Amino acid sequence: MVTFEECGQMLDEIADSMPYELYRELNGGISLLPQLKVHPSAVNNDLFILGEYIRNSLGNAIVFYYGSINRVYGKLDKESLYKQLVRIFHHEVRHHNEYLAGCDDLGIYDKVQIENYLRQKGKIT
């Protein structure tokens, strides 16, 4: 398990490794918050939000949730966790860039994933 600070350092390293142009209009920046965030569609508090792209009146931002990341990936070694953080980071940056491009393919994909989760849990047919 990595500490909050170590997770933040990994995310900083990932951010620095990506082309700066991908962050255009991301005026709310990139943050790591300590909390665990349960997805609103979770059936038994078993679905967690690891990161999210947020658009509001304050601007566009990407937020990662250390508590959720730790709950889902806390038993991984640092190298394996780093790979998961890269995957999560790319996912959120893609949401931002799709928004700027006027499309939401990843948002549609995410909705399908939630529907599949709910179907698996017997909540929808």
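Above this text sits the structure in question.
All of these numbers come straight from a predicted model, not from anything done at the bench.

## Some remarks on the sheet that holds strand β1 (residues 30-33)
1) Next: Strand order in the open sheet formed by 3 strands is β1-β3-β2, with mixed pairing between adjacent strands. Two strands close off the open sheet at either side, each with one partner strand: β1 and β2 (51-56). Across the sheet, the mean angle separating the axes of adjacent strands is 30° when strand polarity is ignored.
2) Next: Inspection of the sheet shows β2 paired to strand β3 (residues 59-65) by 6 bridges, in the antiparallel sense. What sits directly across from N56, in β3, is G59.

## So, the packing of helix α3 (residues 78-101) against helix α4 (residues 105-120)
1) Next: Contact geometry of α3 with α4 gives a least axis separation of 8 Å together with a crossing angle of 130°. Taken together, the axes of α3 and α4 are oblique relative to one another. Residues H91, R94, H95 and E98 of α3 pack against D105, L106, G107 and D110 of α4.
2) Next: For the contact of α3 with α4, the per-class residue count stands at 1 nonpolar, 3 polar and 4 charged.

## Here we look at the packing of aromatic side chains
1) Next: Under the defined criterion, the tally for this structure stands at 4 aromatic pairs.
2) Next: With centroids separated by 5.6 Å and ring planes inclined at 80°, the aromatic side chains of F4 and Y66 adopt a geometry described as edge-to-face. Within this pair, whereas F4 is found in helix α1 (residues 4-17), its partner Y66 is found in helix α2 (residues 66-73), the two being separated by 62 residues in sequence.
3) Next: Residue Y66 is classed as buried on the basis of its relative accessible area of 14%.
4) Next: One aromatic cluster in this structure is built from Y23, F64 and F89.

## Focus: the nonpolar core
1) Next: Within the largest apolar cluster, 22 residues are counted, with the highest numbers of intra-cluster contacts made by C7, F64, L85 and F89.
2) Next: Taken together, the elements giving at least two residues each to this core come down to α1, β3, α2 and α3.
3) Next: What F64 contacts, discounting residues up to four positions off in sequence, is L11, I30, S31, L32, L33, L50, G51, I69, I88, F89 and E92.
4) Next: Core analysis: the next-biggest nonpolar cluster, separate from the first, contains 5 residues, A42, L47, I114 and L118 among them.

Calculation criteria
Residues numbered from 1 in each chain as written. Predicted model: local features only at pLDDT ≥ 70, side-chain atom pairs only at ≥ 80, totals over all residues. Heavy atoms only, no water. Pairing = 2+ DSSP bridges. Helix = DSSP H or I, 4+ residues; strand = E, 2+ residues; numbered from the N terminus. Axes fitted to C-alpha atoms, helices over the stretch in contact; angles between N-to-C directions. Parallel < 35°, antiparallel > 145°, perpendicular 65-115°, else oblique. Contact = heavy atoms within 4.5 Å. Nonpolar A, V, L, I, M, F, W, Y, C, P; charged D, E, K, R; others polar. Phe/Tyr/Trp six-rings, centres within 6.5 Å; stacked < 30°, edge-to-face > 60°. Buried < 20%, exposed > 50% of the residue type's maximum accessible area, 1.4 Å probe, protein only. Core = buried A, V, L, I, M, F, W, Y, C linked by side-chain atoms within 4.5 Å.

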